[in-house]
Amino acid sequence: MREGHFPSPAIASIDKSATTTYCHGLRSSDEADMSDAQQPGGNRWRRFSEWDERPLRLDKFAVEDPANGFAASGGASDPAPSLAIEAGRAASMDGVDAADFDMIDFFIARYHIDPEIAEQAMALPSLDVARMLVDMNVPRADLVRLARGMTPAKLADVVAHLNAMEIAFAYSKMRARRTPGNQGHVTNAKDDPLQLAADAATAVAFGFDEIETTMRVSRNSWSNALACCVGAAVGRPGTLFQCSSEEAEELEIGMAGFTSYAETVSVYGTDKAFVDGDDTPWSKAWLASAYASRGIKMRCTSGAAAELLMGYHEAKSLLYLESRCLCLQRAMGVQGTQNGGIDGAPLASTVPGGVRELMAENLVAVWLDLECASGNDARMSESQVRIGAKILPFLIAGSDLICSGFGTIPAYDNSFNPSLFNAEEMEEFLVLQRDFEADGGLTSVSEDRTLDVRRRAVDVLAAVYDELGLANIDEAMKQSVVLASGSDETESFTPREAAQISDRIRERGITVIDVIRALKTRGFEEEAKNLLFLVKLRVSGDYLQTSAIVREGRVISAINDPNEYLGPGSGYRVSDARRRELNNIRDVLDREEVLRSEAVFKPAEEKRIAYRGMGPAPRGSDTREVIIGLSPGFGTEIYRTLAGHSLAHVLSALREGIEAGGCSARFVRMRHTADTSFLGLSAAKLSGSGVGIGLQAKGTAVIHQSERLPHNNLELFSNAPITGLDHYRGLGANAAAYAKGEMPMPVVVPTRGEAMGARFHARVALIFAIETAIAEDGLEPEAVDVTFLEE
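Residues numbered from 1 in each chain as written. Predicted model: local features only at pLDDT ≥ 70, side-chain atom pairs only at ≥ 80, totals over all residues. Heavy atoms only, no water.

> How should the overall build of the protein be read in this particular structure?
Across its full length, the protein holds 32 helices and 22 strands. Each of the three principal axes of the protein carries a C-alpha extent, and together these read 105 × 65 × 60 Å. Buried positions account for 55% of the 791 residues belonging to the protein. In the protein, 77% of the contacts between residues at least 6 apart in sequence involve partners at least 24 apart. In the form shown here, the protein has an accessible surface area of approximately 32,700 Å², with 51% of it arising from carbon and sulfur atoms. Both charge centroids of the protein, one from 80 positive and one from 112 negative side chains, sit 4 Å from each other. (Helix = DSSP H or I, 4+ residues; strand = E, 2+ residues; numbered from the N terminus. Buried < 20%, exposed > 50% of the residue type's maximum accessible area, 1.4 Å probe, protein only. Contact = heavy atoms within 4.5 Å. Areas by Shrake-Rupley, 256 points an atom, 1.4 Å probe, with all protein chains shown as cover. Lys, Arg positive; Asp, Glu negative; His and termini not counted. Charge placed at Lys NZ, Arg CZ, Asp CG, Glu CD.)

> Whenever I open this one, the pattern of salt bridges confuses me. Can you help?
Oppositely charged side chains can pair when the atoms bearing their charge come close. Summed over all chains, the structure comprises 44 salt bridges. When the shortest N-O distance is used, the salt bridge between K297 and E371 registers 2.7 Å. Taken as a pair, K297 in strand 10 (residues 297-301) and E371 in strand 12 (residues 371-373) lie far apart in primary sequence, 74 residues in all. A relative accessible area of 1% places K297 in the buried class. The salt bridge partner of R666 is E625, with a shortest N-O separation of 3.0 Å. Note that R666 is positioned in strand 18 (residues 664-669) and E625 in strand 17 (residues 625-630), a separation of 41 residues in sequence. On the basis of relative accessible area, E625 is assigned to the buried category, the value being 6%. Shared partners join several salt bridges into a network, and the residues in it are E210, E263, K297, R299 and E371. (Salt bridge = Lys/Arg side-chain N within 4 Å of Asp/Glu carboxyl O.)

> Quick question: what am I supposed to make of the domain arrangement of the protein here?
For interface size, the figure often reported is the accessible area lost on association. When its domains are assigned, the protein resolves into domain 1 (17-58), domain 2 (68-174 + 260-375), domain 3 (180-258 + 443-551 + 565-588) and domain 4 (592-788). Once you take the C-alpha centre of each, domain 2 and domain 3 turn out to be 32 Å apart. In this complex, domain 2 contributes 26 residues to the contact, which on the side of domain 3 involves 27 residues. Summed over both partners, the interface of domain 2 with domain 3 buries about 2,300 Å², with 52% contributed by carbon and sulfur atoms. Two residues, K297 and E210, come together in a salt bridge whose shortest N-O distance is 3.0 Å. In this assembly, domain 2 and domain 3 are joined by 15 residue pairs in polar contact (both at pLDDT 80 or more). Secondary structure elements with two or more residues in the side of domain 2 that touches domain 3: helix 9 (164-174), strand 9 (261-266), helix 14 (281-293) and strand 10. If one sorts the elements of the side of domain 2 that touches domain 3 by residue count, strand 9 sits on top with six residues. Among the residues forming the side of domain 2 that touches domain 3, the class breakdown is 11 nonpolar, six polar and nine charged. (Domains from an automatic or database assignment. Buried area = accessible area lost by both parts, 1.4 Å probe. Polar contact = N/O pair within 3.5 Å; in protein donor to acceptor, adjacent residues only side chain to side chain. Nonpolar A, V, L, I, M, F, W, Y, C, P; charged D, E, K, R; others polar.)

> How do you make sense of the side chain of S547 when you look at a structure like this?
For S547, the location among the structural elements is in the loop between helix 25 (525-540) and strand 14 (549-551). According to the relative accessible area criterion, S547 is buried, its value standing at 0%. Looking at S547, its side chain comes within polar contact range of the side chain of D400, at 3.3 Å.

Here you go:
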């Protein structure tokens, strides 16, 4: 988030009475009227009406218009790459003579361009350099060296030759630190410090290397900073913290020791955008130096479409302007950048190729040897499909900080505006890591552990507040915060009370040392040590290195953990221990869990039905019988279908249907197979009518005829999770009809596009494995006497 960019109060005051609810969002009355005029019966394919109700239709897209700045690359005024060096200085750059340089050109030419390698770098054809970026045999260091001699137009021209897949590959190769990391937002709609402390501790438990806060009310910055600083010290040392505020105040908060990094030092790609912010490259460089001189890790913020949003795009493309920003940042001497659109990502994503451009600008950043907090923060779409697609290249490629603001809190509590991923999608992100065996920097946390850290955090903050005389926190406030998902559920501090606390902290000159003393006095020695650890890091300066984070009490950075990717087997690889962490998500099934969960239903089932083996099942002679062939574990290991129906009720429904159709039911347990088709065929071959039903314990059922091939059945219920008792009753009636030589209307179990495989196939496979383990080749079918005890 850029400094000073806070949500407009106007957003919160929309008159919902003047709008119509529309697919997770709002549509105008005019839009509603248009849709109503195009109801079925009009001259329109109904599929378009269905698409109109999808979240994607809330996204708006811009026409490519280079003259007005709406171009991902190839802008109307983008210069051709060029550079002339005279007497060790740039005499012209990208088509502009030195005498006509604006202040950005001047700064880049003076402090970014290395005249010793510029001639070599600029002479290389852009396509050749692009191929070098994706050539695993060309070392990263060689490409970083060449970038120091390239102009912004040259850098943009090179990466424009790469498609999205190539950009992702090159990014994986070019990022500075080998080990991936992640950053999270910790904010809430009330600026409630108690909730901030609990949410900060939770974010640390999930593994975020950095957390960042900002305020709904600017005055609350000191309160937010102290609360997050304390919460981030719970559980482990070394999580870096930033409070995004007005630049001068943010620096004061850093000097007081509450924050350990800063990134809201914004730079822009045109002079007018800089002047509009009352800044110059020199003032930004000075501010960056002020942070670094006080031991605070620092990176700049830029990103596509900032200039377009401000109206100062100069008809130049998003990629070219961002290349200027990045060269400027390298010239300033900062160790890293936050880019990838940031506030401008939603606008950049409306332009054709805009998401690819966001990837490309991240690549330019790491090519320039900058740490990259690679955006993925501002929510650029209402479409879950677009959001998942946006994160995937960075998840599989890895990044210094995959998100420069994963919303660790609910979207409505995110004071930066909703992130690409928020607390609602946390588990989806954890599963994506597991799906691709890709390290996104996060780790699952158990429910018990989550409550422990949240309770600890509110106790710690309460002790600090009491010791420093800031406020009283009672048990009811603590409990409401510990259990709350978001601020809608808390009964804690109001924004006004947070402002009063913030004023006390600022006016009394409270620093992190005062907080450490308070923690020590009140017996929270672990948290005191964790905070002191960060203060010591600021003195040593070790974490000012490029791409530095702290893991297990140790700084890792591009210096001691360089990304030296040279193809398979090199670069970052998920270790066995880390793989086990990635795999450890919630609701993972194994055989024991399936058997345990089924055993819960055994007592109730034994009150409904009794099975008694009667020896080998004979071939029937009654032409009006239908045999129901049961799977090996039916009623002995498995007691309910995937739809949750009691197996007793399923058998009762089948019997009722068969009898209603004028036939009788006989039950046989198949001990040689658990396969549905062979259960049914085996039953049909024993049946006097030649018709049988195969029934698996999980609920899959089939009607078969003795003369048919195994998989050429009469009717099949393949979707057990949505098959109801009425369906089974109908299946029984149809089996009776087939036994009498009739041709009934097949029973159809309708689906509505549910992802049955995702929901049930893990359990299906485990149940089938349990049943096949019971089955044994050569065992004869067993006659079973079934007694329904509820009748």
